[in-house]
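# Report on the structure
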Amino acid sequence: MNRALVALVTFVSVAVGGWLALALGGEERGGVPHRPVLVDGRVPATLYVPGTVTAPGVLGMPDPPPQGSRPPVVVIAHGHSADQATMSVLARRVAAAGYAVVTFDFRGHGLSTERHQSAGFEGMRSDLDAVLTWLGTVPYVDPAKVVVVGHSMGAAGVLGFAVRDRRPVATVAMGGAMGGVEPGTRAKNVLFVVAEGDAGVVREGAERTARLWSGTPLAYGQVNGDHAQGTAVALREVAGTNHLTMLFSDLTAGYVVDWVAKVTGRPATPSGTADRRPLLTVLYLPCAAVLLTLVGFAGGALARSGEPTAEAGRPVLGLLLVGGALLLPLPWLAWGDAGHLLGMEAGGALAVLLGVAGTILLAVGRLTPARQWLPAAQAWSARHTLAPAALVLVGVIVVLTPLGAMVHGLVPTPKRLLLWALATALILPFFLAADRLLRRGRPPAAAAKSLAARLLMLAVVMIGVITQVLPGMLGLYVMVLAPILLLLELAAYGLYALGRDHRVTAFVQAGAVAWVLSQLSPIMW
């Protein structure tokens, strides 16, 4: 490629990507007035209030309105493996409509330092109780008009809370419902919202609970009962979305705002404060793709070994070996969530699966029949292996971190740093073995074969989820990991194109995947 063109693409990508990253950071601090708080000394939360930011941080919060004119407050609870950032788009849209909003991290999620409880809802109810109790001291809200909203696991959590605690005047359950309802109990003014692409079990759960509390089957769009009496029940569907994307839909926010207005008697008062982060994120993605490729080339130049490229090998046999190594451990993982061994629910199970599969692949590679068609081991050099791997891994994290502002926090806590290191060590053998088998030959072909192995890995995970061998939450993890693996392959392409060492690409991909898993997974320790 023409060097002038490469230089131009590099300059434009760095300049535009840097500007967009700064803009995302500024928008994260700006928008509707908001500030982080620590509720009860243990629950990380964010308070959003209607109005306009006049300065970043706490100084940008407007003066509290006089008592009697304070707005209702909407408490938004995230789902399993999500956090406050995941709910921030919805939170800002509801706050821009004139209502106060609180998001928070359940124990074991996000910035929380408490242990996630894998069974029961006592811990979730305790976190919700702490937030609602704290709201009684906040001068920006009317604590007598609290609406609790939850998504997925959070939907079950707020429903279970609202049937026991009479403070919420309404509940919105998005993409979830209670597993069971005690006779004679019900929450006040409940709206069930499901995505068009939600699983059948999710939709059936919402429809069943709505039918139980309304006393009659409900059609989508229908309302049964009286808001003033606290008996209103309704079903809504968010067209064109799935279980995750419903959180970023204007229609979802509209349903929540409309329900809050009807229940509290306070009409929405749109402020015109728009959340530009979704648009900035979409614009940043192509820049991130180019930046990741450039980071890979930089690491590849540092890793350049001068050794000839390994022959193309036998890709079909390599893929069969990778698939077999991934399938073989599945029957032994059926006894429970193996992620508990690593202290990470759901994501830890994937790390264990990859660790066992990688060990199998390395063992097969030591067998004489396999060694004759594997490339010879390259000389080990920290300068040409560890240094470029560290450079590219840091670059990948830096490039992807701005995406966490509205999707999921990507800055680890000390505990998550430890789990990141453990997960990296556990899954590294898989990427070392898979890349030794498949990342061979010319760079485009090597990238295609390696990407096929990643897709095969995700397919096996879905097989494990469908057969209920692996935790069901991993089905949602696949939706996050698929684009991450695609972006990682861009960096790996540059690394291999110049460095020709599969070990460097393996270190980078193992570290990056472990980073994502350690950030998503609820912490059990």
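Residues numbered from 1 in each chain as written. Predicted model: local features only at pLDDT ≥ 70, side-chain atom pairs only at ≥ 80, totals over all residues. Heavy atoms only, no water.

## Remarks on the nonpolar core
Across soluble globular proteins, nonpolar side chains show a tendency to be buried alongside one another. To keep things clear, this is the line we draw: Grouping buried Ala, Val, Leu, Ile, Met, Phe, Trp, Tyr and Cys residues that are joined through side-chain atoms within 4.5 Å yields what is termed a nonpolar core. Think of it in three bands: with a 1.4 Å probe and only protein chains considered, a residue is buried below 20% of the maximum accessible area for its type, exposed above 50%, and partly exposed in between. Helical segments are the DSSP runs of H or I of at least four residues, strand segments are the runs of E of at least two, and each set is numbered from the N terminus. Note on contacts: a residue pair is in contact if any heavy atoms of the two residues lie within 4.5 Å.
Counting residues in each nonpolar core, the largest one holds 80 residues, and the members touching the most others are Leu-326, Val-396 and Phe-430. The greatest single-element share of this core, amounting to twelve residues, is contributed by helix α15 (residues 502-520). Ignoring sequence-local partners within four residues, the contact set of Phe-430 consists of Val-322, Leu-326, Leu-354, Ala-357, Gly-358, Leu-361 and Met-457. Counting 35 residues, the second-largest nonpolar core is a separate cluster that includes Ile-76, Met-87, Tyr-99 and Tyr-255.

## Examining a nonpolar patch on the surface
Where we set the bar: Residues enter a patch when their relative accessible area is above 30% and they make no salt bridge; the linking distance is 9 Å between like charges and 5 Å between nonpolar side chains (Val, Leu, Ile, Met, Phe, Trp, Tyr). Note that accessible areas follow from Shrake-Rupley with a 1.4 Å probe, and for residues the cover is restricted to the protein chains shown. Whenever a carboxyl oxygen of Asp or Glu lies within 4 Å of a side-chain nitrogen of Lys or Arg, that contact is scored as a salt bridge.
A surface patch of nonpolar side chains, amounting to about 520 Å² of accessible area, comprises Leu-5, Leu-8, Val-9, Phe-11, Val-12 and Val-16. Assessed through its relative accessible area of 42%, Leu-5 is described here as partly exposed.

## With respect to the sheet that holds strand β1 (residues 34-39)
Filter applied, for reference: Two strands pair under a simple rule: DSSP has to find at least two bridges between them. Angles shown run from 0 to 180 degrees and are taken between the N-to-C directions of axes, each axis being a line fitted to C-alpha atoms and, for helices, limited to the stretch in contact.
Taken in spatial order, the nine strands make up an open sheet running β1-β2-β4-β3-β5-β6-β7-β9-β8, and their pairing is mixed. Each end of this open sheet is capped by a strand with a single partner; those strands are β1 and β8 (223-224). Where strand β7 (residues 190-195) meets strand β9 (residues 233-238), six bridges bridge the pair, whose relative direction is parallel. Each bridged residue has a counterpart across the sheet, and for Leu-191 the counterpart in β9 is Ala-234. Where helix α3 (residues 122-135) meets the sheet, it contacts β1, β2 (43-48), β3 (73-77), β4 (100-104), β5 (146-151) and β6 (168-174), and its direction lies at approximately 145° from that of β4. Strand contacts of helix α6 (residues 250-264): β3, β5, β6, β7, β8 and β9, with the helix running at about 160° to β6, the strand carrying the most contacts.

## Quick look at the pattern of salt bridges
Summed over the entire model, instances satisfying the criterion amount to 19 salt bridges. Between Asp-435 and Arg-454 there is a salt bridge, and its shortest N-O distance comes to 2.6 Å. Here Asp-435 is found in helix α12 (residues 414-438), whereas its partner Arg-454 is found in helix α13 (residues 443-466), with 19 residues between them in sequence. Judged on exposure class, the residue Asp-435 and its partner Arg-454 are both buried. Where salt bridges share partners, they join Asp-40, Arg-42, Arg-107, Glu-114 and Asp-127 into one cluster.

## Quick word on the packing of helix α9 (residues 347-365) against α12
Under the convention used in this document: With respect to orientation, any angle under 35 degrees is reported as roughly parallel, any angle over 145 as roughly antiparallel, any angle of 65 to 115 as roughly perpendicular, and every other angle as oblique. Whether a crossing is left-handed or right-handed is set by the direction in which the near helix is turned from the far one by less than a right angle, anticlockwise for left-handed and clockwise for right-handed. All amino acids are sorted into three groups, where Ala, Val, Leu, Ile, Met, Phe, Trp, Tyr, Cys and Pro are nonpolar, Asp, Glu, Lys and Arg are charged, and the leftover types, Gly among them, are polar.
The N-to-C vectors of α9 and α12 enclose an angle of 45°; their axes lie 7 Å apart at closest approach. What the angle tells us is that α9 and α12 run oblique. Considering the relative orientation of α9 and α12, their crossing is left-handed. Within the contact between the two elements, α9 uses Ala-351, Val-352, Leu-354, Gly-355, Ala-357, Gly-358, Thr-359, Leu-361 and Leu-362 and α12 uses Leu-426, Ile-427, Pro-429, Phe-430, Ala-433, Ala-434 and Leu-437. Here the residues of the contact of α9 with α12 sort into 13 nonpolar, three polar and no charged.

## Thoughts on unusual backbone geometry
One non-glycine residue, Ser-81, lies in the positive phi region at around 70°. Tracing the backbone through its elements, the reader meets Ser-81 in the loop between β3 and α2 (84-96).

## Some remarks on the side chain of Glu-489
Inspection of the secondary structure assignment puts Glu-489 in helix α14 (residues 474-499). With near-sequence residues (within four places) excluded, Glu-489 lies in contact with Arg-439, Ala-447, Ser-450, Leu-451 and Gln-509.

## What about the environment of Ala-446?
Structurally, the position occupied by Ala-446 is in helix α13. Its relative accessible area of 0% is what places Ala-446 among the buried residues. Sequence spacing of Ala-446 and Val-260 is 186 residues, and the spatial spacing of their C-alpha atoms is 54 Å. Dropping the residues within four chain positions of it, Ala-446 is found in contact with Leu-438, Arg-439, Arg-440, Gly-441 and Tyr-496.

## Some thoughts on the pairing of β6
Quick reminder of the rule: Crossovers are marked right-handed if the path from the first strand over the helix to the second runs clockwise, as seen with the strands pointing away from the viewer.
Among the seven residues of β6, seven are classified as buried, and the element is accordingly described as predominantly covered. In this sheet, β6 lies alongside β5 in parallel orientation, the contact comprising six bridges. The residue bridging His-151 from the neighbouring strand is Met-174, located in β6. Considered for its hand, the β-α-β crossover made up of β5, helix α4 (residues 153-162) and β6 is right-handed. Inspection of the sheet shows β6 paired to β7 by four bridges, in the parallel sense.

Geometric values such as these leave the question of function open.
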